Amino acid sequence: MLTRVDLPELLVLIIGHVLICLPFTIAGIVASLDGVDPQLEQAAWTLGASRLRILWEVTIPLVAPGLLSAMLFAFIVSFGDVYISLFLSGPGMTTLPIEIFAFIQWKARR
């Protein structure tokens, strides 16, 4: 579908990699959010904090390790997924995974 829609190649690549990495990141973030005690957010609410302040000062620091691991895992999955880059990029665009794949392929033949 992404190759049929008239979008810039870079946007198509970004959408493709996001679609591949989204399940992994959701799983990591949901697991991290599961460990947050709801009473901490309720305590901040009763002390007069707004929803945005509760999110910024209570929830995000508690789930920061999960967010970091989800971002790192998504980067690794996206970085190693050469086939998405090969399928979605055109002849004029060369991404880093394609360059690494070509380098390994040419080095192996020598």
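Everything below is about the structure printed above this text.
These numbers were taken from a predicted model, which means no experiment stands behind them.

## So, the packing of aromatic side chains
And then number 1: What the rule picks out here adds up to one aromatic pair.
And then number 2: Their ring planes at 80 degrees and their centres at 5.4 Å tell us that Phe 24 and Phe 73 sit as a pair that is edge-to-face. Remark: Phe 73 occurs in helix 3 (residues 51-80) and Phe 24 occurs in helix 1 (residues 9-34); sequence separation between them is 49 residues.
And then number 3: A residue is classified by how much of its surface remains accessible, and Phe 73, at 43% relative accessible area, is partly exposed.

## As for the pattern of salt bridges
And then number 1: The full count for this structure, using the stated rule, is one salt bridge.
And then number 2: Across the pair Glu 57 and Arg 53 runs a salt bridge, and its minimum N-O distance is 3.2 Å. You can see Glu 57 and its partner Arg 53 sitting in helix 3, four residues apart, about one turn around the helix.
And then number 3: Residue Glu 57 is classed as partly exposed on the basis of its relative accessible area, which comes to 48%.

## A look at the side chain of Ser 32
And then number 1: Here Ser 32 is to be found in helix 1.
And then number 2: When residues no more than four places from it in sequence are discounted, the contact partners of Ser 32 are Val 63 and Gly 66.

What counts as what
Residues numbered from 1 in each chain as written. Predicted model: local features only at pLDDT ≥ 70, side-chain atom pairs only at ≥ 80, totals over all residues. Heavy atoms only, no water. Phe/Tyr/Trp six-rings, centres within 6.5 Å; stacked < 30°, edge-to-face > 60°. Helix = DSSP H or I, 4+ residues; strand = E, 2+ residues; numbered from the N terminus. Buried < 20%, exposed > 50% of the residue type's maximum accessible area, 1.4 Å probe, protein only. Salt bridge = Lys/Arg side-chain N within 4 Å of Asp/Glu carboxyl O. Contact = heavy atoms within 4.5 Å.

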